[in-house]
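Descriptive analysis of the structure
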Amino acid sequence: MTARKTLRTLQQLLDEGREILEGKGNQEAELDARYLLLDAFGLDLAHFLMDRNRALPDEESVRRKTERYFSMVEMRAGRVPLQQILGVQDFMGLTFRVNAHVLIPRQDTETLVETVLQEQKGTGKSLLDLCTGSGCIAVSLAVLGDFSRIAATDLSREALKVAKKNGERLLDKKNRGLLSFFQGDLFEALPEDTEPFDVLVSNPPYIPSQVIETLEPEVRDFEPRMALDGSLDGLAFYRRIIGGCRQFLNPGGAVYLEIGYDQGEALKEIFAENGFINVRILKDAPGKDRVAAGCLPLA
């Protein structure tokens with residue numbers, strides 16, 4: 001990329017970055033450019049607002065920050081997700097590290113975590129998180145809940161590296177021992193001597209394979225496909241999880257799964273076919289189906 005002349009004010013830098021992003025059709029150009037500028041210059045919003053119209057000094061450090069800023073703007077113009085460029089995403093009031101190996105935590109998934117906290121918090125139960133990705137579900141529940149033991153699994157070794165680092169960052173020393181990570185395909189990741197759990201949660205891949213090509217480039221081209229692709233009808237992982245969880249759950253164990261907005265009825269059938277009771281489809285804040293829940297009978 002050709003070097004750019006250092007502009008005289010932060011506001012000028014912001015304006016040029018916004019114009020570049022607008023030229024690429026970015027609908028959040030102003031906001032994205034501001035996030036990138038604050039990150040490149042190590043500023044918070046308050047200091048930016050105070051200093052945005054002051055002339056920047058002609059110093060090497062300022063030139064380096066300016067070059068970094070425009071490098072990030074060019075990445076965003078190429079549709080790299082903002083969160084991957086910044087390396088972080090907020091979720092449940094916590095800041096998680098993210099990269100290209102994990103699905104970016106979304107507000108949709110907060111509905112799943114909030115439901116589990118509402119129904120299971122303070123019970124001291126054990127919990128299993130399948131397809132943990134960044135660890136946002138497992139770590140959030142470890143921080144905000146009161147679980148005696150949490151295990152998190154993922155097929156991707158690189159994703160587990162991210163999840164472990166998030167656990168180390170966000171959990172205090174006292175609670176880090178409550179959370180364990182295992183690499184492998186769903187239940188196969190668990191050691192043979194693993195005791196059954198009381199609660200199972202998961203945000204598995206659930207997008208039908210043919211739909212992935214229609215997604216925004218930020219998702220289609222930059223997020224891990226293995227975290228998105230739910231096979232032909234999007235239901236493959238639900239069938240495997242619900243159909244295979246009995247030996248890993250205690251009697252009365254509860255299952256909570258994030259689902260697509262149009263998958264509620266299918267999940268009801270899958271739960272019913274596997275003998276679950278108290279099956280529910282819960283909606284997110286916009287009113288779309290987002291969580292499927294069910295329980296094993298006590299006997």
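Relevant structure appears above.
Here the structure is a predicted model, which means the values were calculated and not measured.

1. A look at the sheet that holds strand E8 (residues 277-283)
The strand order across the open sheet built from seven strands is E5-E4-E3-E6-E7-E9-E8, with neighbouring strands paired in mixed fashion. Each having just a single partner strand, strand E5 (179-183) and E8 make up the two edges of the open sheet. When the angles between neighbouring strand axes are averaged without regard to direction, this sheet yields 15°. Strand direction decides the pairing type here: strand E3 (residues 126-130) and strand E4 (residues 149-154), joined by four bridges, are parallel. Residue pairing for E4: Leu127 is matched across the bridge by Ile150. Most of the contacts of helix H6 (residues 107-120) go to strand E7 (residues 249-258), to which it runs at about 150°, and overall it touches E3, strand E6 (197-202), E7, E8 and strand E9 (289-295).

2. Side note on the pairing of E3
When you tally the buried positions in E3, you get five out of five residues, the bulk of the element. Every second residue of E3 is oriented toward a common face, with Ser126, Leu128 and Leu130 on one face and Leu127 and Asp129 on the other, all of them buried. Viewed along the sheet, the connection from E3 through helix H7 (residues 136-144) into E4 turns out right-handed. Judged from the four bridges that link them, E3 and E6 form a sheet pairing that is parallel. Looking at E6, one finds that Leu130 is bridged to Ser202.

Here is what the cut-offs are and how they apply
- Residues numbered from 1 in each chain as written.
- Predicted model: local features only at pLDDT ≥ 70, side-chain atom pairs only at ≥ 80, totals over all residues.
- Heavy atoms only, no water.
- Pairing = 2+ DSSP bridges.
- Helix = DSSP H or I, 4+ residues; strand = E, 2+ residues; numbered from the N terminus.
- Axes fitted to C-alpha atoms, helices over the stretch in contact; angles between N-to-C directions.
- Contact = heavy atoms within 4.5 Å.
- Buried < 20%, exposed > 50% of the residue type's maximum accessible area, 1.4 Å probe, protein only.
- Right-handed = clockwise from strand over helix to strand, strands pointing away.

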